[in-house]
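Examination of the molecular architecture
Residues per chain, in single letters:
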Amino acid sequence: MPCGRAHRLLRVWAAVRQVWQEERALCNHGCADWIQLRAAFLHQLGDVHCVVYHRGHGSDLQLRGSLHIRFIPESPRWLISQRRFREAEDIIWKAAKMNKKSVPAVIFDPGELQELNAMKQQKVFILDLFRTWNITTITIMSLLLWMLTSVGYFGLSLDVPNLHGDAYLNCFLSALVEIPAYIIAWLLLRTFPRRYIIAGVLFLGGGMLLLIQLVPAEYYLLSIGLVMFGKFGVTSAFSMLYVFTAELYPTPVRNMAVGITSMASRVGSIIAPYFVYLGAYDRLLPYIVMGSLTVLIGIVTLFFPESFGVTLPETLEQMQRVKGFRCGKKSRASMDREENPKVLITAF
């Protein structure tokens with residue numbers, strides 16, 4: 001397929017994208033923060049639905065699809081990359097109807113789609129997350145960010161029974177503080193740059209934990225308050241990572257990037273209890289270690305590229321560069337690649 005036709009197809013998609021990003025956009029920045037809370041809630045409802053919805057007798061259960069699959073549509077970008085054009089077109093029409101926008105009579109030209117289908121698929125694998133030095137750096141920093149944030153979140157959650165006072169009340173407060181944390185995270189994501197707000201709430205959480213060592217033992221209520229503020233900051237950061245990571249990577253490897261970083265967070269949740277066990281040697285040691293790691297990863301976050309207000313990358317070549325002390329100008333070849341992106345087909 002000639003490059004001109006592929007680029008023309010991408011320009012058509014760019015025009016159609018404006019329909020999809022007004023209110024219920026799933027194709028550009030600012031989308032995941034809108035549906036993050038609802039998606040998690042629907043996921044939980046879907047788990048309940050799968051258990052209670054059944055046919056037959058006794059334990060013969062037929063599990064059904066989760067509710068979130070029914071209400072949250074698939075990404076048109078991903079459907080196009082998989083050459084499922086009809087499904088992508090249906091979702092775009094539905095989005096246009098919901099947002100009261102007009103779309104072209106023919107979204108995808110049939111002739112161009114036939115030539116695109118005839119092209120050989122270019123496979124993308126998980127090793128492409130380490131293809132270049134820049135992509136490798138972003139991936140490694142993302143792994144550390146997810147893992148250490150998970151250590152702080154689960155470490156503070158598991159350490160709640162060790163606080164002074166009633167254990168049940170402390171656990172309730174620890175869970176209750178997550179509600180405003182998610183709401184604040186959602187509001188911040190809609191307004192401010194990603195890396196600054198994530199680093200800010202990490203500094204808030206880590207700073208509160210480091211201040212605990214300065215509180216006298218008899219002022220245990222103040223210590224509990226600082227722990228809750230620390231949990232608030234870490235929880236807000238944790239909820240933003242799904243949005244931030246998805247915006248950093250292009251469509252072909254976005255699922256793989258979020259998957260591998262989420263796996264790193266599971267590693268953090270596995271080792272989190274060992275940070276709690278440090279309290280056997282010193283009461284303040286867990287807070288000092290977790291607070292220091294949280295502040296450290298907050299500093300690392302400032303070196304990520306910014307994704308707020310930036311068009312989502314379509315290819316690995318379009319990924320932004322890591323922030324550093326030296327900021328060179330982009331080469332002409334790099335600018336040409338961004339203006340004329342390649343069409344990649346993901347293989348899973």
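Residues numbered from 1 in each chain as written. Predicted model: local features only at pLDDT ≥ 70, side-chain atom pairs only at ≥ 80, totals over all residues. Heavy atoms only, no water.

Remarks on the overall build of the chain
- Along the chain, the regular secondary structure elements total 14 helices and 0 strands.
- Each helix and strand of the chain, placed in order from N terminus to C terminus, yields the pattern α-α-α-α-α-α-α-α-α-α-α-α-α-α.
- Residue burial in the chain is summarised as follows: out of 348 residues, 43% are buried.
- Contacts spanning at least 24 positions in sequence make up 76% of the contacts within the chain whose residues lie at least 6 apart.
- Surface summary for the chain: the accessible area is close to 18800 Å², and the carbon and sulfur share equals 64%. (Helix = DSSP H or I, 4+ residues; strand = E, 2+ residues; numbered from the N terminus. Buried < 20%, exposed > 50% of the residue type's maximum accessible area, 1.4 Å probe, protein only. Contact = heavy atoms within 4.5 Å. Areas by Shrake-Rupley, 256 points an atom, 1.4 Å probe, with all protein chains shown as cover.)

Brief notes about the pattern of salt bridges
- Within this structure, the stated rule accounts for 7 salt bridges.
- One salt bridge in this structure joins Lys231 and Glu178, with 3.1 Å as the shortest N-O distance. You can see Lys231 sitting in helix α11 (residues 220-248) and its partner Glu178 sitting in helix α9 (residues 178-189), a full 53 residues away along the chain.
- By relative accessible area, which is 2% here, Lys231 ends up buried.
- Judged by relative accessible area, Glu178 falls into the buried class, the value being 13%.
- Via salt bridges that share partners, Arg86, Glu89 and Asp90 belong to a single interconnected network. (Salt bridge = Lys/Arg side-chain N within 4 Å of Asp/Glu carboxyl O.)

Points about the packing of aromatic side chains
- Tallying each qualifying case throughout the model produces 7 aromatic pairs.
- Measuring from ring centre to ring centre gives 5.0 Å for Tyr153 and Phe154, while their planes differ by 90 degrees; the resulting arrangement is edge-to-face.
- Following the ring pairs from residue to residue traces out a cluster consisting of Trp146, Tyr153, Phe154, Phe238 and Tyr242. (Phe/Tyr/Trp six-rings, centres within 6.5 Å; stacked < 30°, edge-to-face > 60°.)

Regarding the nonpolar core
- Membership of the largest hydrophobic core comes to 47 residues, with the highest contact counts inside it found for Ile198 and Tyr249.
- Where this core is concerned, the elements lending two or more residues are α7 (133-159), α9, α10 (194-211), α11, α12 (251-277) and α13 (285-301).
- No other element matches α11, which puts 12 residues into this core.
- Counting residues in each nonpolar core, the second largest holds 9 residues, with Trp78, Phe85, Ala88 and Phe108 among its members. (Core = buried A, V, L, I, M, F, W, Y, C linked by side-chain atoms within 4.5 Å.)

So, the confidence of the model for the chain
- The predicted model of the chain averages 76 in pLDDT, with 70% of residues at 70 or higher.
- Looking over the chain, one finds the lowest element-wise mean pLDDT in helix α2 (residues 32-52), namely 40, and the highest in α13, namely 96.
- Across residues 19-68, confidence stays below pLDDT 50; counting only partners more than four residues off in sequence or on other chains, it has 87 contacts. (pLDDT = per-residue confidence, 0-100.)

A short note on α9
- For α9, spanning 12 residues, the distance from its first C-alpha to its last is 16 Å, which sits close to the expected 16 Å at 1.5 Å a residue.
- All of the buried residues in α9 are Glu178, Ala181, Ala185 and Leu189. Each buried residue of α9 lies within a common arc of 60 degrees when the element is viewed along its axis, so the set occupies one face. (Expected span 1.5 Å × (residues − 1). Arc of directions from axis to C-beta.)

Some words on the packing of α7 against α12
- Orientation of α7 relative to α12, taken along the N-to-C sense of each, is 40 degrees, at an axis distance of 7 Å. Between α7 and α12, the angle is such that the two are oblique. The way α7 lies across α12 gives a crossing that is right-handed.
- Among the residues making up the contact of α7 with α12, the classes are represented as 14 nonpolar, 8 polar and 2 charged. (Axes fitted to C-alpha atoms, helices over the stretch in contact; angles between N-to-C directions. Parallel < 35°, antiparallel > 145°, perpendicular 65-115°, else oblique. Left-handed = near helix turned anticlockwise from the far one by under 90°. Nonpolar A, V, L, I, M, F, W, Y, C, P; charged D, E, K, R; others polar.)

Things to note about the environment of Ser81
- By secondary structure assignment, the location of Ser81 is in helix α4 (residues 76-81).
- Judged by relative accessible area, which is 8%, Ser81 ranks as buried.
- Taking C-alpha positions, Ser81 is 9.9 Å from Glu314, a pair spaced 233 residues apart along the chain.

Focus on a nonpolar patch on the surface
- Judged by side-chain polarity, Leu169, Phe172, Leu173, Leu176, Ile179, Ile183, Ile184 and Leu187 come together as a nonpolar surface patch covering roughly 680 Å² of accessible area.
- Listing elements by their share of the nonpolar patch, those giving two or more residues are α8 (167-176) and α9.
- Counting through the fold element by element, Leu176 comes out in helix α8. (Patch = residues over 30% accessible without salt bridge, like charges linked within 9 Å, V, L, I, M, F, W, Y side chains within 5 Å.)

Notes on the side chain of Thr251
- Among the secondary structure elements, Thr251 is positioned in helix α12.
- A distance of 3.3 Å separates polar atoms of two side chains, one belonging to Thr251 and the other to Arg254. (Polar contact = N/O pair within 3.5 Å; in protein donor to acceptor, adjacent residues only side chain to side chain.)

A closer look at the side chain of Glu247
- When you line up the elements, Glu247 lands in helix α11.
- Side-chain polar atoms of Glu247 contact the side chain of Ser307, separated by 2.7 Å.

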